[in-house]
Amino acid sequence: MTYTVNCSILLTELPLLERPAAAKAAGFDAVEFWWPFETSVPADSETTRFENAITDAGVQLTGLNFNAGNMPGGDRGLVSWKGRCSEFKDNIDVVAGIGGRLGCKAFNALYGNRQDEFTPEEQDELAVKNLAAAAEGVARIGGTVLLEPVSGAPKYPLLTADDALQVIARVKEEAGVGNIKLLADFYHLAVNGDDVQAVIENHAREFGHIQIADNPGRGAPGTGTLPLGEWIARSRELGYEGYIGLEYKEPQETAFSWAIREHASN
């Protein structure tokens, strides 16, 4: 199984730039990150340190989020956030630059929360423009923009796979871009009450990326009740060929115990 470790939610006991090496030491060759900087356009020295941490560890960066704002503070993306459009647009070039230098092809664009002072229609219109700009920006490095439903954020409007797929279809129709796909996070979909099995049956071949965590608790595989192994296997059978992102909460000491057990049983 080709796993990639999300170093923004795992190995958090370590400084961020030490996490790629820790993932490598744990037996993984690939990592992914949420936006790892405080601003949309960090200093060149910051991006260089981040890139060196990846290359020095000998791992492949497989996924990177666009700046999503203050995630601990409740922000969930700038794509539909009216008032921060120029900030998002400036972020596109930085993201594409990092991706181009590190060979990363998948870029998650969190949609953003609803704003009380604007209508959903106004925000959705902006989102289409921003997603199209992001898709065009990463197309030059062969990249794909990912759009994901999210749980636990009351004002985030994309809850089901269909919610995200409708936006994707609109962007493709109105902007004529093709490099935008669904990020199927099985945990978020399950928590939001989506029929994950049906989503897999109908769309697995079109998934841009898969992420996993168990439920309840967003813990490691095997700590909850979700049939993650079955869902992954079926997605593979139906044509998904990409990485499986490990995006769960678990202390460093036991973060990958399930993978060791899985390997030993094979």
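With an unreviewed UniProt entry as reference, the protein is termed Hydroxypyruvate isomerase, source organism Pseudarthrobacter defluvii. Taken from UniProt, the Sequence similarities (unreviewed entry) comment for the protein reads in full: "Belongs to the hyi family."

A.B. asks: It is not clear to me how the sheet that holds strand β1 (residues 3-6) should be interpreted in this structure. Could you clarify?
C.D. replies: Paired through backbone hydrogen bonds, the strands of a sheet run either parallel or antiparallel to each other. Spatially, β1-β2-β3-β4-β5-β6-β7-β8 is the arrangement adopted by the 8 strands of the closed barrel, whose pairing is parallel. In this sheet, adjacent strand axes meet at a mean angle of 30° when their direction is disregarded. Taken together, the 3 bridges between strand β5 (residues 144-147) and strand β6 (residues 180-185) define a ladder with parallel strand orientation. Each residue of the ladder has a partner; that of Leu146, found in β6, is Lys181.

A.B. asks: Looking at this structure, how should I read the environment of Leu131?
C.D. replies: One can find Leu131 in helix α4 (residues 120-139). Taking the relative accessible area as the measure of exposure, Leu131 reaches 0% and is therefore buried. Spatially, the C-alpha atoms of Leu131 and Leu146 are 9.4 Å apart, while their sequence positions differ by 15 residues. Beyond its immediate chain neighbours, meaning those up to four positions away, Leu131 contacts Val79, Ala109, Tyr111, Val145, Leu147, Val167, Val171 and Ile180.

A.B. asks: Explain the side chain of His209 to me, please; I cannot follow it from the model alone.
C.D. replies: Its location among the elements puts His209 in strand β7 (residues 209-212). Polar side-chain contacts of His209 include one of 3.5 Å to the backbone oxygen of Tyr243.

A.B. asks: When you look at the packing of helix α3 (residues 85-102) against α4 in this model, what are you seeing that I'm missing?
C.D. replies: Packed helices, taken two at a time, are described by the angle their axes make and the gap between the axes. Axis separation between α3 and α4 bottoms out at 9 Å; the angle between their running directions is 20°. In this view, α3 runs roughly parallel relative to α4, as classed from their interaxial angle. Regarding α3 and α4, the two cross each other, and that crossing is right-handed. Where α3 approaches α4, its residues Cys85, Phe88, Lys89, Ile92 and Ala96 are matched on the opposing element by Leu126, Lys129, Asn130, Ala133, Ala134, Gly137 and Val138. For the contact of α3 with α4, a count of residues per class yields 8 nonpolar, 2 polar and 2 charged.

A.B. asks: In this structure, what is going on with the nonpolar core? I would like to understand it.
C.D. replies: Soluble, globular proteins show a tendency: their nonpolar side chains are buried together. One finds Phe66, Leu131, Phe186, Phe207 and Leu246 to be the most contacted residues of the largest nonpolar core, which totals 85 residues. Per element, the largest residue contribution to this core is 8 residues, and it comes from α4. Excluding its chain neighbours within four sequence positions, the residues that come into contact with Leu246 are Tyr3, Thr4, Val5, Asn6, Ile9, Leu10, Phe28, Glu32, Ile212, Phe256 and Trp258.

A.B. asks: Please clarify how the pairing of strand β2 (residues 30-33) should be interpreted in this entry.
C.D. replies: It is a general feature of regular strands that their side chains alternate between the two faces of the sheet. Of the two faces of β2, the one lined by Ala30 and Glu32 and the one lined by Val31 and Phe33 are each fully buried. Taken together, the 2 bridges between β1 and β2 define a ladder with parallel strand orientation. Residue Asn6 lies in a different strand from β2, and its bridge partner there is Glu32. At this point the chain moves from β1, through helix α1 (residues 19-25), to the parallel β2, and the crossover so formed is right-handed. When β2 meets strand β3 (residues 60-65), the two strands line up parallel, connected through 4 bridges. Residue pairing for β3: Glu32 is matched across the bridge by Gly63. Handedness of the β2-helix α2 (residues 44-57)-β3 crossover: right-handed.

Calculation criteria
- Residues numbered from 1 in each chain as written.
- Predicted model: local features only at pLDDT ≥ 70, side-chain atom pairs only at ≥ 80, totals over all residues.
- Heavy atoms only, no water.
- UniProt positions renumbered as here; feature names shortened; annotations may be inferred.
- Pairing = 2+ DSSP bridges.
- Helix = DSSP H or I, 4+ residues; strand = E, 2+ residues; numbered from the N terminus.
- Axes fitted to C-alpha atoms, helices over the stretch in contact; angles between N-to-C directions.
- Buried < 20%, exposed > 50% of the residue type's maximum accessible area, 1.4 Å probe, protein only.
- Contact = heavy atoms within 4.5 Å.
- Polar contact = N/O pair within 3.5 Å; in protein donor to acceptor, adjacent residues only side chain to side chain.
- Parallel < 35°, antiparallel > 145°, perpendicular 65-115°, else oblique.
- Left-handed = near helix turned anticlockwise from the far one by under 90°.
- Nonpolar A, V, L, I, M, F, W, Y, C, P; charged D, E, K, R; others polar.
- Core = buried A, V, L, I, M, F, W, Y, C linked by side-chain atoms within 4.5 Å.
- Right-handed = clockwise from strand over helix to strand, strands pointing away.

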